[in-house]
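Understanding the architecture of this molecule
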Amino acid sequence: MKKIITIFFLIIGLNTTYAQNWQTDFSKAKEIASLENKPIILVFQGSDWCIPCMKLNKEVWNTNTFKEYAKEHYVMLQADFPRKKKNKLPKEQQNANAKLFETYNKKGFFPFVVVLDKDGRVLGETGYKKMTPISYIDELNAFIK
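Residues numbered from 1 in each chain as written. Predicted model: local features only at pLDDT ≥ 70, side-chain atom pairs only at ≥ 80, totals over all residues. Heavy atoms only, no water.

A large share of strand S2 (residues 40-45) lies buried, amounting to six of its six residues. Of the two faces of S2, the one carrying Ile40, Leu42 and Phe44 and the one carrying Ile41, Val43 and Gln45 are both buried. Pairing of S2 with strand S3 (residues 75-80) involves six bridges; the strand directions are parallel. Residue pairing for S3: Ile40 is matched across the bridge by Val75. As paired elements, S2 and strand S4 (residues 112-116) share five bridges and run antiparallel to each other. (Buried < 20%, exposed > 50% of the residue type's maximum accessible area, 1.4 Å probe, protein only. Helix = DSSP H or I, 4+ residues; strand = E, 2+ residues; numbered from the N terminus. Pairing = 2+ DSSP bridges.)

So this is what it looks like as structure tokens:
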């Protein structure tokens, strides 16, 4: 029984170690960015309908390479626009995401990645590209330098 409990906590620990710490509140993301002197990576996605968004999640955001790097270098901010009823966000979050959309994604691209400074000023923009997590990090960092 002790082995089962130990294995359970080990698995939980590993999962939380590599969990992406996505913010969903722009004010909170700016606060963290200011305190930690990090840029904000704002990601507009349609998590349950946008195929390139899903690919970007799988190929970049959800990789251990990206997660480890992002934890030390970025504040990750997600503005999700799911369409399926079961994934519907609370009205308050929908409104917050819509406000970000109006400000930073006027052309309506998905996925759309905006690199912001700690004050919310745009440093660069990109989207889904078939590349390794390290190459994607390099692209994001090119906007920051």
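A few words now on unusual backbone geometry. Excluding glycine, a negative phi dihedral is what most residues carry, and trans is how most peptide bonds are arranged. With an omega of -15 degrees, the peptide bond between Phe110 and Pro111 qualifies as cis. Structurally, Pro111 is set in the loop between helix H5 (91-104) and S4. We note that Asn37 has phi near 50 degrees; this positive angle belongs to a residue other than glycine. In this structure, Asn37 sits in the loop between helix H2 (26-36) and S2. For Asn37, a relative accessible area of 57% corresponds to the exposed category.

Of the residues in the protein, 87% reach a pLDDT of 70 or more, and the chain-wide mean stands at 90. In this model residues 3-18 is a low-confidence stretch, pLDDT under 50, and it forms four contacts with partners more than four residues away in sequence or in other chains. (pLDDT = per-residue confidence, 0-100. Contact = heavy atoms within 4.5 Å.)

A full pass over the atoms with the stated rule returns five salt bridges. Between Lys129 and Glu139 there is a salt bridge, with its nearest N and O atoms 2.7 Å apart. In this pair, Lys129 is assigned in the loop between strand S5 (122-126) and helix H6 (133-144) and Glu139 in helix H6, connecting sequence segments ten residues apart. The class for Glu139 is buried, based on a relative accessible area of 15%. In the salt-bridge network here, residues are joined through shared partners; they are Asp117, Asp119 and Arg121. (Salt bridge = Lys/Arg side-chain N within 4 Å of Asp/Glu carboxyl O.)

Moving on, we come to H5. Because each turn of an α-helix spans 3.6 residues, side chains separated by three or four positions end up pointing in the same direction. If you check H5, its first and last C-alpha atoms are 20 Å apart, about what 14 residues at 1.5 Å a residue would give, namely 20 Å. Looking at H5, one finds that the buried residues are Gln93, Asn97, Leu100 and Tyr104. Take H5 and look down its axis: the buried residues cluster within an arc of 55 degrees, on one side only. More than 90 degrees from the buried face of H5, the exposed residues found are Lys91, Glu92, Lys99 and Glu102. (Expected span 1.5 Å × (residues − 1). Arc of directions from axis to C-beta.)

Across all of its chains, the model carries 14 aromatic pairs by this definition. Considering the side-chain rings of Trp49 and Phe110, the 5.3 Å spacing of their centres and the 65 degrees angle between planes classify their relative orientation as edge-to-face. Linking Trp49 in the loop between S2 and helix H3 (51-61) with Phe110 in the loop between H5 and S4, this pair joins segments that are 61 residues apart in sequence. Taken together, Phe44, Trp49, Phe81, Phe101, Phe109, Phe110 and Phe112 form an aromatic cluster joined through their ring pairs. Against the face of Trp49 rests Arg83, its NZ or CZ located 3.6 Å from the ring centre. (Phe/Tyr/Trp six-rings, centres within 6.5 Å; stacked < 30°, edge-to-face > 60°. Lys NZ or Arg CZ within 6 Å of the ring centre and 35° of its normal.)

Pairing between S4 and S5: four bridges, direction antiparallel. Across the sheet, the residue bridging to Val114 is Glu125, located in S5. Counted between consecutive antiparallel strands, the loop separating S4 from S5 contains five residues, among which Gly120 sits at a positive phi close to 90 degrees.

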